[in-house]
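What the coordinates show
Each chain is listed here by its residues.
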Amino acid sequence: PTILVAAQLLEISEVYKCGGAQAIAALAYGTGTIPKVDKIYGPGNSWVTEAKLQVSQDPRGASCDLPAGPSEVMIIADEHADSAFIASDLLAQAEHGVDSQVIFISDSAQQLQRVRVETQAQLEELPRKTIALESLSKSLFIEVSEIAEGFQICNDYAPEHLILQLENSRKYIDLIENAGSVFLGSWTPETVGDYASGTNHVLPTDGFARTFGGLTTESFMKSMTIQELTPGGLQELGPVVETLADTELLAGHRNAVRIRLERLTLGRLSSKTLSEQQK
């Protein structure tokens, strides 16, 4: 119901209640009731992600935004961070699904232990405890010798969400190379990115943050270039183009320019001859 109300407020007139890999196929190829689309947006589980990748490689299918699958969060924290905050952020991702992954990195063994205890305590209160528990069983708590080492691990892993609960988190931004979306400081839970902080929450997972950014307004657009040369413009660029075409051994490319340049040369000569005759 909340989605339908939001759609009405946005004046969206068509809504199809479907999901899973079969919904991706329906959107990519069209059915008797669902029209074919050109591009498919939004994350999903591993089946949805695989379906999106497959239809985007099929010329008859539809392109997709980016590989966005099971949710991930990585938290890097020092000994001064609030263990209850860290535990709540880890569980917020773990409850997404059994294939979600949470990773906690710290240079403090005491902090790692405090977060383990706090995570277990908060877990007992969650309605989705069973799901979160299975997700946590595949997750990692990593002790590093220094915080900089944590960022090396981060850049190798390329997390979907990266939370920095560090003193003066801003000073570490330059160490981040690969992450989908970054949350700075103790008062910026990843949940605000889900719902209200203004950043888009369709983000790359499974290491794809090395090569993809999150969904933006530009993702809904495409560009088209237009060029028009004057005769003088072609005379200026033509020799450069001929040289490059010859370098690639593409005589047809070269001739498309050369024939026009010869025509311009003949035109000038003809005009010059006519002018001399008139004199």
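Refer to the preceding data block for the structure.
Below: a short report on this structure.

**With respect to the overall build of the protein chain**
Counting secondary structure elements, the protein chain contains ten helices and seven strands. By the compact-globule yardstick of 19 Å for 279 residues, the protein chain is too spread out, its C-alpha radius of gyration being 28 Å. Its C-alpha atoms give the protein chain principal-axis dimensions of about 100 × 55 × 35 Å. The buried share of the protein chain, taken over its 279 residues, is 35%. For the protein chain, the proportion of contacts with a sequence separation of at least 24, taken over those separated by at least 6, is 64%. Surface accessibility of the protein chain: about 17,400 Å² in total, with carbon and sulfur atoms responsible for 55%. Taken together, the 21 basic and 37 acidic charged side chains of the protein chain have centroids lying 13 Å from each other.

**A short note on the environment of Ser186**
Tracing the backbone shows Ser186 in the loop between strand S7 (181-184) and helix H8 (190-195). The exposure class of Ser186 is partly exposed, given its relative accessible area of 31%. Ser186 sits 82 residues away from Arg268 along the chain, and the two C-alpha atoms are 74 Å apart. Setting aside residues up to four positions removed in sequence, Ser186 forms contacts with Phe85 and Gln165.

**Some details on the pattern of salt bridges**
Considering all chains together, one arrives at five salt bridges under this definition. Salt-bridge contacts for Asp58 lead to Arg60; the nearest nitrogen and oxygen are separated by 3.2 Å. By relative accessible area, Asp58 is classed as buried at 16%. Judged by relative accessible area, Arg60 falls into the exposed class, the value being 63%. Across the pair Glu242 and Arg258 runs a salt bridge whose closest N-O atoms are separated by 2.8 Å. Of this pair, Glu242 sits in helix H9 (residues 231-247) while Arg258 sits in helix H10 (residues 251-278), and the two are 16 residues apart along the sequence.

**Focus on helix H7 (residues 147-157)**
Those residues of H7 lying buried are Ile147, Gly150, Phe151, Cys154 and Asn155. One side of H7 carries all its buried residues, which in axial view fall inside an arc of 135°. In this structure, H7 carries Gln152 and Asp156 as exposed residues pointing more than 90 degrees from its buried face. Buried residues belonging to H7 abut strand S3 (72-77), strand S4 (101-106) and strand S6 (161-165).

**A closer look at the sheet that holds S6**
Read from one edge to the other, the open sheet built from five strands follows the order S5-S4-S3-S6-S7, with strand pairing classed as parallel. In the strand order of this sheet, the two ends are held by strand S5 (140-143) and S7, each with one partner. Averaged over all neighbouring strand pairs, the angle between strand axes comes to 15°, with direction disregarded. As paired strands, S6 and S7 are joined by four bridges and run parallel to one another. Bridged to His161 within S7 is Ser181. Against the sheet, helix H5 (residues 109-123) makes contact with S4 and S5, and its axis sits at roughly 160° relative to S5, the strand it touches most. Lying on the sheet, H7 is in contact with S3, S4, S5 and S6; it crosses S3 at an angle near 165°.

**Points about the packing of aromatic side chains**
Summed over the entire model, instances satisfying the criterion amount to five aromatic pairs. Both rings, one in Phe85 and one in Trp187, keep their centres 5.2 Å apart while their planes meet at 65°; by these two values the pair is edge-to-face. With Phe85 in helix H4 (residues 83-94) and Trp187 in the loop between S7 and H8, this residue pair connects regions lying 102 residues apart in the sequence. By relative accessible area, which is 26% here, Phe85 ends up partly exposed.

**Quick word on unusual backbone geometry**
For Glu11, which is not glycine, the phi torsion reads 60° and is therefore positive. Residue placement: Glu11 occurs in the loop between helix H1 (2-9) and helix H2 (20-29). Of note, the phi angle at Leu249 is positive, near 60°, even though the residue is not glycine. Structurally, the position occupied by Leu249 is in the loop between H9 and H10.

**A look at helix H3 (residues 46-56)**
Because the α-helix completes a turn every 3.6 residues, residues three or four places apart line up on one side. By the burial criterion, the buried members of H3 are Val48, Thr49, Ala51, Lys52 and Val55. Buried residues of H3, viewed axially, fall in a sector of 165°; they line one side. Capping the start of H3, Asn45 holds a side-chain oxygen 3.0 Å from the backbone nitrogen of Trp47, two or three residues further along.

**Things to note about the side chain of His161**
Relative to the helices and strands, His161 is located in strand S6. Separated by 3.5 Å, the side chains of His161 and Glu160 make a polar contact. Setting aside residues up to four positions removed in sequence, His161 forms contacts with Ser71, Glu72, Val73, Met74, Gln93, Ser181, Phe183, Glu190, His201 and Leu203.

Reading the values: the criteria
- Residues numbered from 1 in each chain as written.
- Predicted model: local features only at pLDDT ≥ 70, side-chain atom pairs only at ≥ 80, totals over all residues.
- Heavy atoms only, no water.
- Helix = DSSP H or I, 4+ residues; strand = E, 2+ residues; numbered from the N terminus.
- Rg over C-alpha atoms; globule rule 2.2 N^0.38 Å.
- Buried < 20%, exposed > 50% of the residue type's maximum accessible area, 1.4 Å probe, protein only.
- Contact = heavy atoms within 4.5 Å.
- Areas by Shrake-Rupley, 256 points an atom, 1.4 Å probe, with all protein chains shown as cover.
- Lys, Arg positive; Asp, Glu negative; His and termini not counted.
- Charge placed at Lys NZ, Arg CZ, Asp CG, Glu CD.
- Salt bridge = Lys/Arg side-chain N within 4 Å of Asp/Glu carboxyl O.
- Arc of directions from axis to C-beta.
- Pairing = 2+ DSSP bridges.
- Axes fitted to C-alpha atoms, helices over the stretch in contact; angles between N-to-C directions.
- Phe/Tyr/Trp six-rings, centres within 6.5 Å; stacked < 30°, edge-to-face > 60°.
- Polar contact = N/O pair within 3.5 Å; in protein donor to acceptor, adjacent residues only side chain to side chain.

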